[in-house]
Amino acid sequence: MTDPVRIAITGAAGQICYSMLFRIASGGMFGPNQPVALQLLEIPQAMKVLEAVKMELDDCAFPLLAETICTDDPKTAFTNIDAALFVGAKPRGPGMERSDLLKDNGKIFSSLGKILNDVANPDVKVCVVGNPANTNAYILKANAPKLNPRNITALTRLDHNRAISQLAAKVGCGVPDIKKMVIWGNHSTTQVPDISYCQVAGKDASGLVDEAWAREEFIPTVAKRGGAVIAARGSSSAASAGNAVVDHMATWAMGTSDGDWTSMSVPSDGSYGIKEGLIYSFPVTCKGGGEWEIVQGLEVSDFIAGKMKESEAELLEEADAVKEMV
Ligand code: NAX
């Protein structure tokens, strides 16, 4: 039998994981022929809930689920892994400033980064989900210098999927008709959903919708969709976030389809004038086997370029707020 892909997942007793773990265990992430082993990490106070999650995973009798480990010890969680999904993070509490959130989460990601550096395979593929995701990934990268930095990514696939869904609804087409969506920047309200290169069933999206819609409705709707879900649900997106992590890892492992790309937050190499080293969302092609490339040579309008700079400025500010941790 094929060896299982071993996946460490932090925050495994939380909302996102309650939908995501079952998708991974049933083959949604690495395909229907690839066994998986889950190495689930939680804080001690959440271990009882995590044991209940394991009971439910066991009760599904998933043929592909080779093993489920539940632990509050990061070393145990990160040993022998092929991939690590960092979902756990401290939520923003009442009266808490964004800078306090950055610092509190920074501590979690610097300490987990150091442990990952000590025990994990240097080629481990990382996706950071816990917010502020891009800056948490930036801190983790700095604290795990033995890891290949290209393998430290953050999730903007949820924003990418939201953007596709909004455009499909506007033009009245199916989701598979839409290719080449882009999310630039930070996973925050400064993100830049961009339809400039989108094709809808082979036609330019820019010819099907007017620019005012793209600027005044599409961009803010996608960028503020997380807040809209919180307002409606009373808590943040969970199932759609879990689905996006499955998509992010599946595309990274198996590749983007011909004539399309995805959006991933990856370490900037200076492409499009974005400061090297920041974890910034770009259009990316994946070849399968863990290789990715930032799509080069796109002509960016002055309007989009201005917004990309604003999102970069926000990430630079966040990086400055956590400078003692990197
Ligand atoms: P929950 O609060 O339901 O779960 C988080 C879990 O993490 C809890 O069980 C907690 O005990 C655990 N945890 C906290 N610190 C930990 C640590 N040091 N080690 C291990 N586990 C730890 O949140 P959930 O709804 O699952 O969301 C998780 C994170 O995803 C949040 O930071 C949230 O803001 C973020 N999101 C990111 C999205 C993205 O697209 N990048 C979208 C959805 C979501 O907002």
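Residues numbered from 1 in each chain as written. Predicted model: local features only at pLDDT ≥ 70, side-chain atom pairs only at ≥ 80, totals over all residues. Heavy atoms only, no water.

Brief notes about the nonpolar core
- Among the nonpolar cores identified, the biggest contains 58 residues, and Ile7, Ile9, Ile24, Leu57, Leu85 and Trp184 are the most heavily contacted of them.
- Shared between two domains, this core holds at least three residues of each, these being domain 1 (5-153) and domain 2 (157-321).
- Beyond its immediate sequence surroundings of up to four residues, isoleucine 7 is in contact with Ile24, Phe30, Val36, Ala37, Leu38, Gln39, Ile81, Ala83 and Leu85. (Core = buried A, V, L, I, M, F, W, Y, C linked by side-chain atoms within 4.5 Å. Buried < 20%, exposed > 50% of the residue type's maximum accessible area, 1.4 Å probe, protein only. Domains from an automatic or database assignment. Contact = heavy atoms within 4.5 Å.)

Here we look at the domain arrangement of the protein
- Split by domain assignment, the protein resolves into domain 1 (5-153) and domain 2 (157-321).
- Centre-to-centre, using C-alpha coordinates, domain 1 lies 23 Å away from domain 2.
- Interface area for domain 1 against domain 2, summed over the two sides, is near 2600 Å², with a carbon-plus-sulfur share of 64%.
- Counting the contacts that link domain 1 with domain 2 gives one salt bridge.
- Across the salt bridge formed by glutamate 293 and arginine 150, the nearest N and O atoms sit 4.0 Å from each other. (Buried area = accessible area lost by both parts, 1.4 Å probe. Salt bridge = Lys/Arg side-chain N within 4 Å of Asp/Glu carboxyl O.)

Things to note about the site of the ligand
- Near the ligand you find 22 residues, and of these Gln15, Ile16, Glu42, Val129 and Asn131 are the closest.
- Within the complex, 82% of the 880 Å² of free accessible area of the ligand lies under protein.
- Composition of the shell around the ligand by domain shows at least three residues from each of domain 1 (5-153) and domain 2 (157-321). (Near = heavy atom within 4 Å. Areas by Shrake-Rupley, 256 points an atom, 1.4 Å probe, with all protein chains shown as cover.)

Some remarks on the pairing of strand E14 (residues 291-294)
- Going residue by residue along E14, you find Trp292 and Ile294 tucked away on one face and Glu291 and Glu293 left uncovered on the opposite face.
- Examined bridge by bridge, strand E13 (residues 279-288) and E14 share four bridges and lie antiparallel to one another. Residue pairing in the sheet places cysteine 286 in a bridge with tryptophan 292 of E14. (Helix = DSSP H or I, 4+ residues; strand = E, 2+ residues; numbered from the N terminus. Pairing = 2+ DSSP bridges.)

Let's talk about the packing of helix H4 (residues 98-119) against helix H10 (residues 302-321)
- One can describe the packing of H4 onto H10 by two numbers: an axis separation of 10 Å at closest approach and a directional angle of 60 degrees. In this view, H4 runs oblique relative to H10, as classed from their interaxial angle. H10 is crossed by H4, and the crossing has right-handed handedness. Side by side, H4 and H10 meet where Arg98, Leu102 and Lys103 of the first sit next to Glu314, Glu318 and Ala321 of the second. (Axes fitted to C-alpha atoms, helices over the stretch in contact; angles between N-to-C directions. Parallel < 35°, antiparallel > 145°, perpendicular 65-115°, else oblique. Left-handed = near helix turned anticlockwise from the far one by under 90°.)

Notes on the pattern of salt bridges
- Per the counting criterion, the structure on display carries ten salt bridges.
- With a shortest N-O distance of 3.5 Å, arginine 162 and aspartate 159 are connected by a salt bridge. Of this pair, arginine 162 and aspartate 159 both sit in helix H6 (residues 157-171), three residues apart, which is roughly one turn of that helix. Aspartate 159 carries the same exposure label as arginine 162, and that label is buried.

Brief notes about the packing of aromatic side chains
- This model, assessed by the stated rule, comprises ten aromatic pairs.
- Taking 6.0 Å as the distance between ring centres and 50 degrees as the angle between the ring planes, the aromatic pair formed by phenylalanine 86 and phenylalanine 109 counts as tilted. Here phenylalanine 86, found in strand E4 (residues 83-86), pairs with phenylalanine 109, found in helix H4; they are 23 residues apart in sequence, far enough to count as distant. The exposure classification of phenylalanine 86 matches that of phenylalanine 109, with both residues buried.
- In this structure an aromatic cluster arises from ring pairing among Trp184, Tyr272, Tyr280 and Phe282. (Phe/Tyr/Trp six-rings, centres within 6.5 Å; stacked < 30°, edge-to-face > 60°.)

Overview of the sheet that holds strand E11 (residues 203-204)
- Here we have three strands laid out as an open sheet, ordered E7-E10-E11, and antiparallel in their pairing. This sheet does not close on itself; its edge strands, each paired only once, are strand E7 (178-179) and E11.
- Two elements, E7 and strand E10 (residues 199-200), share two bridges in a ladder whose sense is antiparallel. Bridge assignment links isoleucine 178 to a residue of E10, and that residue is valine 200.

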